[in-house]
Amino acid sequence: MNWSFFFEVLIGGMLAGVMYSLVALGFVLIYKASGVFNFAQGAMVFFAALTFVSLLERNWNFWLAFAMTLAVMVLLSIITERLVLRPLVNQSPNTLFMATIGLTFVLEGLSQLVWGSQPHGLELGVPDVPMEWLAQKTNINISHFDVFAAAVAGILVATLALVFQKTRIGRALRAVADDHQAALSIGIPLQQIWIIVWSVAGFVALVAGLMWGARNGVQYALTFVALKALPVLILGGFESVPGAIIGGLIIGTTEKLAEVYLGPMVGGGIESWFAYVIALLFLLVRPQGLFGEKIIDRV
Amino acid sequence: MAAGTQERAKQIGDVILAIERVSLAFGGVRALQDVSFDVRENEIRAIIGPNGAGKSSMLNVINGVYHPQQGSITFKGQSHSDVDSHKAATQGIARTFQNIALFKGMTVLDNIMTGRELKMRCNFLQQAIWIGPARREEIEHREVVEGIIEFLEIQAYRRIPVRQLPYGLQKRVDLARALAMEPSVLLLDEPMAGMNLEEKQSMCRFIMDINAHYGTTIVLIEHDMGVVMDISDRVVVLDYGRKIADDTPDKVRGNQKVIDAYLGVSH
């Protein structure tokens with residue numbers, strides 16, 4: 001067995017997995033705070049990336065465009081709270097889930113209506129080429145860009161985990177997630193909490209959009225990265241931030257390893273669906289995911 | 001007994017909450033019809049009645065969950081008619097729930113700390129950075145919460161997720177969270193429901209202690225007549241959405257209408 005090749009696949013897989021985690025994070029945030037599976041997360045990624053790249057192409061400065069896009073995402077969450085979430089307070093999670101499907105189409109349509117539907121290239125200044133010194137020393141090819149993406153995801157997750165566990169906002173978020181009515185009755189401002197969560201999810205969508213956009217181009221297909229986040233969520237658990245990361249790493253490595261070592265036996269091309277097989281197995285064995293909260297119903 | 005009653009009578013203050021001619025209907029079902037009563041500062045006020053009498057509806061009207069079609073509610077001299085439960089909380093009305101509405105996945109401590117939410121002032125950014133004022137604020141509120149934890153004797157369970165606690169203790173945590181809001185009026189929705197005798201007795205003791213120690217006005221609804229009679233100052237009795245009695249426990253106990261409502265008579 002060629003070990004340096006094995007490690008290259010392994011590390012490459014982990015780093016690719018981090019990219020999935022970035023998208024999965026957005027889902028986790030909203031699920032944690034409102035118990036809603038936000039189907040529109042993929043559309044938010046697309047919308048954020050398209051807005052950012054369009055501003056960039058109109059000669060905006062990078063950070064100015066970033067700040068502006070962030071402002072747009074905050075505005076979007078305020079509007080969403082007003083028009084979608086507020087009228088549906090205390091409705092079942094399924095109702096809210098359906099509402100986010102509607103939101104998906106609105107967002108996809110809106111972004112292409114405003115910015116057009118042609119694909120854009122995005123350059124973040126980090127080359128997507130192997131690091132030469134590492135290749136010479138160990139014969140392992142790891143892309144600069146992958147490492148950069150991993151670092152960004154790491155910082156993002158560390159921050160979010162701290163906010164959720166240690167701050168009062170985090171506690172209020174968890175409280176709202178657990179029981180809307182009780183949270184209201186002790187004076188937690190539900191509306192404000194939702195706006196904050198959706199804004200943070202919007203921020204995460206923007207970061208994910210930039211990373212994926214830089215790799216694959218900013219185009220409609222970006223909305224489909226959300227589908228790749230699904231197996232990650234099933235593995236990691238819908239309400240766990242660390243779970244999103246571990247889930248991403250597992251999905252990333254297994255699908256790359258499967259492609260390289262199992263692929264040839266079945267004629268290749270299994271990378272695109274292998275993640276779903278893992279997710280399916282997980283659903284059978286541990287439906288709450290690795291880090292999800294175990295659901296115990298008292299009878 | 002007589003001396004104790006007199007002493008309590010001295011502490012009880014002016015009307016803090018007035019319910020006037022309140023009617024509430026859900027479609028064709030009349031949950032409350034023309035109900036009036038008042039609650040005085042520092043008293044323990046019970047609302048009792050058989051199943052379906054409208055007790056929970058009454059509590060939800062006071063808490064701003066339901067809005068009555070007719071009548072008015074005055075809280076601390078201000079009209080309370082278009083208040084929702086969040087607003088009620090900001091005005092100093094806290095409540096517990098019949099079917100315990102705690103945050104099940106969170107620890108006892110975190111649950112009670114959420115009760116301090118309204119008292120905290122630091123903004124989102126300060127909290128996110130978690131320095132200086134935010135940290136000091138957290139410590140300050142933690143001290144208040146520790147006091148309540150000690151008061152309700154749940155020190156041993158601080159770090160345990162609420163879902164793992166037995167029912168009686170969950171009820172106590174629910175009470176602690178409401179108490180953490182330092183409310184002027186505390187609404188208790190069947191605090192003794194589903195408890196055994198020993199748990200009921202300790203809950204009674206806690207309710208009286210809260211009333212004496214924090215000076216909190218308490219409105220409690222209860223299905224079981226026996227328990228509340230011993231701890232209440234005045235009792236409202238509801239039956240089929242109407243008020244049928246409003247008096248001291250002793251007089252209510254002897255009221256023929258109340259006896260009929262509870263035992264059932266042929267009309």
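Definitions and limits used
Residues numbered from 1 in each chain as written. Chains lettered and ligands numbered in written order. Predicted model: local features only at pLDDT ≥ 70, side-chain atom pairs only at ≥ 80, totals over all residues. Helix = DSSP H or I, 4+ residues; strand = E, 2+ residues; numbered from the N terminus. Rg over C-alpha atoms; globule rule 2.2 N^0.38 Å. Buried ≥ 20, exposed ≤ 12 C-beta atoms within 10 Å, placed from the backbone. Contact = placed C-beta atoms within 7 Å. Nonpolar A, V, L, I, M, F, W, Y, C, P; charged D, E, K, R; others polar. Pairing = 2+ DSSP bridges. Axes fitted to C-alpha atoms, helices over the stretch in contact; angles between N-to-C directions. pLDDT = per-residue confidence, 0-100. Parallel < 35°, antiparallel > 145°, perpendicular 65-115°, else oblique. Left-handed = near helix turned anticlockwise from the far one by under 90°.

Remarks on the overall build of chain B
Next up, step 1: In terms of regular secondary structure, chain B is built from 11 helices and 10 strands.
Next up, step 2: Taken over C-alpha atoms, the radius of gyration comes to 19 Å for chain B, in line with the 18 Å a tight globule of 267 residues would show.
Next up, step 3: Based on the C-alpha atoms only, the size of chain B along its principal axes is roughly 65 × 40 × 35 Å.
Next up, step 4: For chain B, the residues scored as buried account for 40% of the 267 residues in total.
Next up, step 5: For chain B, restricting intrachain contacts to residue pairs at least 6 apart in sequence, the fraction spanning at least 24 positions comes to 68%.

Section: the overall build of chain A
Next up, step 1: From N to C terminus, chain A includes 12 helices and zero strands.
Next up, step 2: Secondary structure elements of chain A, listed N to C terminal, follow the sequence α-α-α-α-α-α-α-α-α-α-α-α.
Next up, step 3: The C-alpha atoms of chain A give 20 Å as radius of gyration, which agrees with the globular expectation for 299 residues (19 Å, within 12%).
Next up, step 4: Its C-alpha atoms give chain A principal-axis dimensions of roughly 60 × 55 × 35 Å.
Next up, step 5: By residue count, 46% of the 299 residues in chain A fall in the buried class.
Next up, step 6: In chain A, the proportion of contacts linking residues at least 24 apart, taken out of those at least 6 apart, comes to 75%.

A look at the interface of chain B and chain A
Next up, step 1: Each partner contributes residues to the interface: chain B has 28 residues there, and chain A has 22 residues.
Next up, step 2: Every element with two or more residues in the side of chain B that touches chain A is listed here: α3 (85–91), β6 (93–95), α4 (108–114) and α5 (124–129) of chain B.
Next up, step 3: No other element matches α3(B), which puts four residues into the side of chain B that touches chain A.
Next up, step 4: Residue composition of the side of chain B that touches chain A, grouped by class: 13 nonpolar, eight polar and seven charged.

With respect to the pairing of strand β3 (residues 44–48) of chain B
All names here are of chain B.
Next up, step 1: Extensive coverage of β3 is indicated by the burial of five of its five residues.
Next up, step 2: On β3, burial covers both faces: Ile44, Ala46 and Ile48 on one face and Arg45 and Ile47 on the other are all buried.
Next up, step 3: Of the pairings in the sheet, the one linking β3 to strand β8 (residues 217–222) comprises five bridges and is parallel in character. Its bridge partner being in β8, Ile47 is matched across the sheet by Ile221.
Next up, step 4: As judged from the four bridges shared by β3 and strand β9 (residues 234–239), these two strands associate in the parallel manner. Each bridged residue has a counterpart across the sheet, and for Ala46 the counterpart in β9 is Val235.

Side note on the sheet that holds strand β1 (residues 15–26) of chain B
Each strand in a sheet pairs with its neighbour through backbone hydrogen bonds, running either in the same direction (parallel) or in the opposite one (antiparallel).
Residues and elements named next belong to chain B.
Next up, step 1: Sheet architecture is open: four strands sit in the order β2-β1-β4-β5, paired in antiparallel fashion. In this open sheet, the two strands that pair with only one neighbour each are β2 (29–40) and β5 (78–79).
Next up, step 2: Pairing analysis gives two bridges linking strand β4 (residues 70–75) to β5, with the strands arranged antiparallel. Looking at β5, one finds that Phe75 is bridged to Gln78.

With respect to the environment of Met265(A)
Residues and elements named next belong to chain A.
Next up, step 1: Along the chain, Met265 falls in helix α11 (residues 241–266).
Next up, step 2: On the neighbour-count criterion, Met265 (8 C-beta atoms within 10 Å) is exposed.
Next up, step 3: Each C-alpha atom of the pair Met265 and Ala226 lies 29 Å from the other, and the pair is 39 residues apart in sequence.

Re the environment of Arg286(A)
Residues and elements named next belong to chain A.
Next up, step 1: With respect to the helices and strands, Arg286 occurs in the segment after α12 (271–285).
Next up, step 2: Take Arg286: there are 14 C-beta atoms within 10 Å of it, and that puts it in the partly exposed class.
Next up, step 3: Distance from Arg286 to Gly263, taken between C-alpha atoms, is 26 Å for residues 23 residues apart in sequence.

Considering the sheet that holds β6(B)
Residue and element names in this part refer to chain B.
Next up, step 1: With mixed pairing, six strands are arranged side by side in an open sheet as β6-β7-β8-β3-β9-β10. With one partner strand each, in any of the chains shown, β6 and β10 (242–247) form the two edges of the open sheet. Averaged over all pairs of adjacent strands, the angle between their axes in this sheet comes to 20 degrees, without regard to strand direction.
Next up, step 2: Each of β9 and β10 is contacted by helix α11 (residues 256–263), which is oriented at about 130 degrees to β10, the strand it contacts most.

Focus: the confidence of the model for chain B
Residues and elements named next belong to chain B.
Next up, step 1: Chain-level pLDDT for chain B is 85 on average; 90% of the residues reach the 70-or-more range.
Next up, step 2: Across chain B, the element-wise mean pLDDT spans from 58 in helix α1 (residues 2–11) up to 93 in strand β7 (residues 185–189).
Next up, step 3: Predicted complex, confidence summary: ipTM 0.74, pTM 0.77.

Comments concerning helix α2 (residues 55–62) of chain B
Next up, step 1: Taken across its eight residues, α2(B) has six buried, putting it largely inside the fold.
Next up, step 2: Following α2(B) by one or two positions, Gly64(B) adopts a phi angle in the positive range, close to 80 degrees.

Remarks on the packing of helix α10 (residues 225–236) of chain A against α12(A)
Residue and element names in this part refer to chain A.
Next up, step 1: Interhelical geometry of α10 versus α12 gives an angle of 30 degrees and a closest axis separation of 9 Å. Classified by the angle between their axes, α10 and α12 sit roughly parallel to one another. Viewed along their axes, α10 and α12 form a crossing whose handedness is left-handed. Of the residues in α12, those touching α10 at Lys228, Leu230, Pro231, Ile234 and Leu235 are Ala275, Tyr276, Ile278, Ala279, Phe282 and Leu283.
Next up, step 2: Of the residues assigned to the contact of α10 with α12, the class counts are 10 nonpolar, no polar and one charged.

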